[in-house]
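What follows is the residue order along each chain.
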Amino acid sequence: MNSPYMGNFRVTQEYKGTAHDGLDLVGIDSKEVHSTVNGTVQIARWENPDNHSQGFGQFVAVRQDNSDDWYYFGHLSEIKVAVGQHVRITDVIGIEGSTGRSTGSHCHYCVRTGGIRGQHRNISEISGIPNTLGIYDDGYRESKNTVSKNVTLTIDGVTYCGTLTSQ
Ligand SMILES: [Zn+2]
């Protein structure tokens, strides 16, 4: 199961295709919203800067690497990334909130091919999050002790790139 929360969360509204093109999720352990894919931030802004209660409010869309699937994280209280930034699974992209058309703090989590409204895919099937109201654990906590980081070091004019992993 691949959720934006890394821990326990609640499904408060199911995926219903055109009627509701994503899952509404509420973090229990934490309100940090993490990227669920490796990809590039395409959108990180208010849906309507002049009306903060419209649409997704503050939201982030990440286009998955080698794919045209855009992953949306809506209704954020804070955005932690910028357009063009490459993010990896587990990177914090924002904080759950209730901006936009929302009655309580939650994250609208959906996938739209090409970033086009109406081109939604079944986020429940893709993520493994049950399309049923309830509380779930995405199982990420066990891996929180392991931190991987891409590093670049330049020594005497020579640049070294690699991945550091702590266990
Ligand atoms: Zn929703």
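Now for a look at the structure at hand.

Some points on the sheet that holds strand β3 (residues 32-34)
Spatially, β3-β9-β7 is the arrangement adopted by the three strands of the open sheet, whose pairing is antiparallel. The open sheet is flanked by β3 and β7 (78-79), the only strands paired with a single partner. Sheet topology places β7 next to strand β9 (residues 92-95); two bridges connect them, and they run antiparallel. Its bridge partner being in β9, Ile79 is matched across the sheet by Gly94.

Topic: the nonpolar core
Most often, soluble globular proteins keep nonpolar side chains buried together rather than apart. Core analysis: the biggest nonpolar cluster contains 29 residues, and Val60 and Phe73 have the highest contact counts within it. When contributions to this core are tallied by element, the ones reaching two or more residues are β1 (8-13), β2 (23-27), β4 (39-46), β5 (58-64), β6 (69-76) and β10 (107-113). If we skip the residues at most four places from it in the chain, Phe73 touches Pro4, Val33, Phe59, Val60, Ile93, Gly94, Cys107 and Tyr109.

Re the environment of Gly57
Relative to the helices and strands, Gly57 is located in the loop between β4 and β5. Gly57 sits 44 residues away from Arg101 along the chain, and the two C-alpha atoms are 6.9 Å apart. Ignoring sequence-local partners within four residues, the contact set of Gly57 consists of Trp46, Glu47, His52, Gly74, His75, Thr99, Gly100 and Ser102.

Observations concerning unusual backbone geometry
For Met6, which is not glycine, the phi torsion reads 55° and is therefore positive. Given 23 C-beta atoms within 10 Å, Met6 falls into the buried group. Within the chain, His75 stands out as a residue other than glycine whose phi angle is a positive 70°.

Some points on the pairing of β2
Counting buried positions along β2 gives four out of five residues, so the element sits mostly inside the fold. Where β2 lies against β10, three bridges are found, and the strand directions are antiparallel. Residue pairing across strands places Asp24 opposite His108, the latter belonging to β10.

Observations regarding the environment of Glu32
Looking at the secondary structure, you find Glu32 in strand β3. As a C-alpha pair, Glu32 and Ala19 span 13 residues in sequence and 27 Å in three-dimensional space. Ignoring anything within four residues of it in the chain, the contact list for Glu32 reads Val92 and Ile95.

Criteria and cut-off values
Residues numbered from 1 in each chain as written. Predicted model: local features only at pLDDT ≥ 70, side-chain atom pairs only at ≥ 80, totals over all residues. Pairing = 2+ DSSP bridges. Helix = DSSP H or I, 4+ residues; strand = E, 2+ residues; numbered from the N terminus. Core = buried A, V, L, I, M, F, W, Y, C linked by C-beta atoms within 7 Å. Buried ≥ 20, exposed ≤ 12 C-beta atoms within 10 Å, placed from the backbone. Contact = placed C-beta atoms within 7 Å.

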